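Okay, here's what each chain looks like letter by letter:
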Amino acid sequence: MTALRSPVSVSVRAAAKINLHLGVGAVREDGFHPLETVYQAIGLYDDLTMTAHHHTGMVLETADYIDPADIPSASENIAIRALELVRAHTGSDGQEHLSLVKSIPVAGGMAGGSADAAAALLAYDRLHNCGLTDDVLLGLAAELGSDVPFSLVGGTARGRGRGELVQPLDDRGTWWWVAVPSKVGLSTPDVYRHFDRLFPHALAEPAAPDDLLSALASGEPLRLARALHNDLQAPAIDLRPELGTLIERGEREGALRGLVSGSGPTCVFLCDSLDGAHAVVAGLHGAGHDVVLIANGPVAGAHLLELP
């Protein structure tokens, strides 16, 4: 019998996320906020290729709307941290090289870094045939950040705790989104601190997203639009008022609803169809927004790509 050989390289694609619902509770003694959220993975992707190599390193390629200077260096990049974590878990002292192609807006509330970390965990497991279970991968993901487990799961899912406790949802809809990234990032810790200032009497635990779950089950875009919710939108717009102006403009151009994505500053717009999304794109281009992206959802979480 011929022994199985590990592949020399594997490539993994991971999707951006948006929050259809983001309920935030009062800050806890450990500094974290309890969350009730509904995630959706949408069709904007980062692709990561991992290669067995004689030294660890990372090369980067970005979409033209992403400034490479905004990407953390290899020593600080979460994909490298994910690689180091899974190496430690498996007891490996091997070396791997990463090639990362980024199309998810950076520092935009769309979990691009989390997507890269999820891709690195999955790529390592497949490159070395580790056979790590889903529970192990999700546990490692949770150590890296609240959004990383969802980046593995994808689709549409409910998140609790700090967002890391992920329960997949049965979402049979096809939803069309327009995303408008910002050239200037917005610090997630700053947005949460401003939330604490604006809402000093926030509930200890946020309410369950019952209306949003019912809207998803209906498959009706207008009903989903009415149920979209983000507790971080008010602090994000208070810090960056132009985000509110952008949301108002997108809705005037025909979007069913505009929303700050996560902690921002990317704004997303739910549309009634692909044609409706194109109309919103045209209107926002006309209003002077150079980068306006269309994506559908839900899409798969981190998954292998076939190498040529």
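In this report, we go over the structure that sits alongside the text. (Residues numbered from 1 in each chain as written. Predicted model: local features only at pLDDT ≥ 70, side-chain atom pairs only at ≥ 80, totals over all residues. Heavy atoms only, no water.)

1. Section: the overall build of the protein chain
Operational definition: The numbering of helices and of strands both runs from the N terminus, where a helix is a DSSP run of H or I of at least 4 residues and a strand a run of E of at least 2. With C-alpha atoms as the basis for the radius of gyration, the globule rule is written as 2.2 Å multiplied by the number of residues raised to the power 0.38. Under the scheme applied here, a residue whose accessible area is under 20% of the maximum for its type counts as buried, over 50% as exposed, and between as partly exposed, the area being computed with a 1.4 Å probe on protein chains only. The criterion used for residue contact is that any of the two residues' heavy atoms lie within 4.5 Å. Under the convention used here, a 1.4 Å probe and the Shrake-Rupley method define accessible areas, while residue burial counts only the protein chains that appear. The sign given to each residue is positive for Lys and Arg and negative for Asp and Glu; His and the chain ends receive no count. Note that the charge is assigned to NZ on lysines, CZ on arginines, CG on aspartates and CD on glutamates.
The number of helices and strands found in the protein chain is 10 helices and 12 strands. Against the globule reference of 19 Å for 308 residues, the protein chain gives a C-alpha radius of gyration of 19 Å, in line with a compact fold. On the principal axes, the C-alpha backbone points of the protein chain span a range of 65 × 45 × 40 Å. Residue burial in the protein chain is summarised as follows: out of 308 residues, 48% are buried. Long-range pairs, those at least 24 residues apart, make up 77% of the contacts in the protein chain between residues at least 6 apart in sequence. Summed over all atoms, the accessible surface of the protein chain reaches about 14,000 Å², with 51% contributed by carbon and sulfur. For the protein chain, the separation between the mean place of its 21 positive charges and that of its 38 negative charges on side chains is 2 Å.

2. Things to note about the packing of helix H1 (residues 78–90) against helix H3 (residues 134–144)
The test is simple: Convention adopted: a line fitted to C-alpha atoms gives each axis, helices being fitted over their contacting stretch, and angles between N-to-C directions are expressed from 0 to 180 degrees. If an angle is under 35 degrees, it is roughly parallel; if it is over 145, roughly antiparallel; if it lies from 65 to 115, roughly perpendicular; otherwise it is oblique. Left-handed describes a crossing in which the near helix is turned anticlockwise from the far one by less than a right angle; the clockwise case is right-handed. Residues are grouped as follows: nonpolar covers Ala, Val, Leu, Ile, Met, Phe, Trp, Tyr, Cys and Pro; charged covers Asp, Glu, Lys and Arg; every other residue, Gly included, is treated as polar.
Here H1 crosses H3 at 135°, and the two axes come no closer than 10 Å. What the angle tells us is that H1 and H3 run oblique. Like other packed secondary-structure pairs, H1 and H3 cross with a definite hand, here right-handed. Only Val 136, Leu 140, Glu 143 and Leu 144 of H3 make contact with H1, whose side of the interface consists of Ile 78, Arg 81, Ala 82, Leu 85, Val 86 and His 89. Tallied by class, residues from the contact of H1 with H3 come to 7 nonpolar, 1 polar and 2 charged.

3. Focus: the environment of His 128
Going by this rule: The definition of a polar contact used here is a pair of N or O atoms within 3.5 Å, where within protein one atom must be able to donate a hydrogen and the other to accept one, and adjacent residues in sequence count solely through side-chain atom pairs.
Here His 128 is to be found in the loop between helix H2 (112–127) and H3. In sequence terms His 128 and Thr 174 are 46 residues apart; their C-alpha atoms lie 35 Å from each other. A polar contact is formed between the side chain of His 128 and the side chain of Glu 96, at a distance of 2.9 Å.

4. Considerations on unusual backbone geometry
Residue Gly 264 is joined to Pro 265 through a cis peptide bond whose omega torsion reads 5°. Going from Gly 297 to Pro 298, the amide bond is cis rather than trans, its omega being 0°. Within the secondary structure, Pro 298 is located in the loop between strand S11 (293–297) and strand S12 (303–305). Even without a glycine there, the phi angle at Ala 111 is positive, about 60°. Inspection of the secondary structure assignment puts Ala 111 in the loop between strand S4 (96–102) and H2. For Ala 111, a relative accessible area of 12% gives the class buried. Residue Asn 129 is not a glycine yet carries a positive backbone phi of 50°.

5. Observations regarding the nonpolar core
We apply this condition: Throughout, nonpolar core names a set of buried Ala, Val, Leu, Ile, Met, Phe, Trp, Tyr and Cys residues whose side chains join them through atoms within 4.5 Å.
The biggest cluster of nonpolar side chains holds 55 residues, and the ones touching the most others in it are Leu 48, Met 50, Met 110 and Trp 177. The element contributing the most residues to this core is H2, with 10 residues. The contact partners of Met 110, leaving out residues within four places of it in the chain, are Ala 16, Lys 17, Ile 18, Ile 42, Leu 44, Ile 104, Pro 105, Ala 179, Ser 261, Thr 266 and Val 268. Val 178, Val 191, Tyr 192 and Val 281 belong to the second-largest nonpolar core, a separate cluster that totals 24 residues.

6. Considering the state of the cysteines
Convention followed: Any cysteine sulfur atom paired with another within 2.5 Å is treated as part of a disulfide.
Under the defined criterion, the tally for this structure stands at 0 disulfides. Cysteine Cys 267 is unpaired, with the sulfur of Cys 271 as its nearest cysteine sulfur at 13 Å. A residue is classified by how much of its surface remains accessible, and Cys 267, at 0% relative accessible area, is buried.

7. Quick look at the pattern of salt bridges
Note the cut-off: One speaks of a salt bridge when a side-chain nitrogen belonging to Lys or Arg is within 4 Å of a carboxyl oxygen belonging to Asp or Glu.
Taken as a whole and judged by the stated rule, the model has 11 salt bridges. A salt bridge links Glu 36 to Arg 158; the shortest N-O distance between them is 2.9 Å. Taken as a pair, Glu 36 in strand S2 (residues 35–52) and Arg 158 in strand S5 (residues 156–161) lie far apart in primary sequence, 122 residues in all. When sorted by exposure, Glu 36 lands in the same class as Arg 158, which is buried. Linked through salt bridges whose partners overlap, the residues forming this network are Asp 46, Lys 102 and Asp 116.

Coordinates in, geometry out; function isn't part of it.
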